[in-house]
Amino acid sequence: MDLAVSVRTLQPVGARDIPIDEARVKGTMTRIGDDCLFLGCIGGAYEHQCDRCLEPAQMAFEIEVAWSFCEGVP
């Protein structure tokens, strides 16, 4: 799996907004009984103000993730 997704679809309910519109999600989904396990990484770039010149700047990121999905749980 390799998808570009809206960050709002990944954020948990009640989480603070972050300065990222879209992220790239890569990994594999494995069924474990009635549930699923996703192992992969999420990456992209966020925009923030440069500490030195105060101009807009982008910082790339990529982190490994392990997400479990339970059938019937929103």
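In this report, we go over the structure that sits alongside the text.

Rules of the game
Residues numbered from 1 in each chain as written. Predicted model: local features only at pLDDT ≥ 70, side-chain atom pairs only at ≥ 80, totals over all residues. Heavy atoms only, no water. Pairing = 2+ DSSP bridges. Helix = DSSP H or I, 4+ residues; strand = E, 2+ residues; numbered from the N terminus. Contact = heavy atoms within 4.5 Å. Core = buried A, V, L, I, M, F, W, Y, C linked by side-chain atoms within 4.5 Å. Buried < 20%, exposed > 50% of the residue type's maximum accessible area, 1.4 Å probe, protein only. Phe/Tyr/Trp six-rings, centres within 6.5 Å; stacked < 30°, edge-to-face > 60°.

Turning next to the pairing of strand β3 (residues 35-49). Residues in a regular strand project their side chains so that they alternate between the two faces of the sheet. Note: strand β2 (residues 22-32) against β3, nine bridges, orientation antiparallel. Residue pairing across strands places Gly 27 opposite Gly 40, the latter belonging to β3. Between the antiparallel neighbours β2 and β3 lie two residues, among them Gly 33 with a positive phi of about 65°. Across 14 bridges, β3 lies against strand β4 (residues 56-69) in antiparallel orientation. Residue Ala 45 lies in a different strand from β4, and its bridge partner there is Ala 60.

Before going further, it helps to examine the environment of Phe 61. By the element assignment, Phe 61 lies in strand β4. Separated by 57 residues in sequence, Phe 61 and Ala 4 place their C-alpha atoms 14 Å apart. Contact partners of Phe 61, with chain neighbours within four places excluded, come to Ile 20, Ile 42, Gly 43, Gly 44, Ala 45 and Tyr 46.

Counting residues in hydrophobic clusters, the biggest one holds eight residues: Val 5, Val 7, Ile 20, Ala 23, Val 25, Phe 38, Ile 42 and Val 65. Within the residue set of this core, elements represented by two or more residues are β2 and β3. Not counting residues up to four positions away in its chain, the partners in contact with Ala 23 are Leu 3, Ala 4, Val 5, Val 7, Ile 42 and Gly 43.

To continue, consider unusual backbone geometry. Non-glycine residue Leu 54 carries a positive phi angle of around 65°. Position of Leu 54 among the secondary structure elements: in the loop between β3 and β4.

How two aromatic rings sit relative to each other is given by the distance of their centres and the angle of their planes. Here the structure, examined in full by the defined rule, presents one aromatic pair. Aromatic pair Phe 38 and Trp 67: ring centres 5.3 Å apart, planes at 25°, arrangement stacked. Of this pair, Phe 38 sits in strand β3 while Trp 67 sits in strand β4; the two residues are 29 residues apart in sequence, bridging distant segments of the chain. Judged by its relative accessible area of 1%, Phe 38 falls in the buried class.

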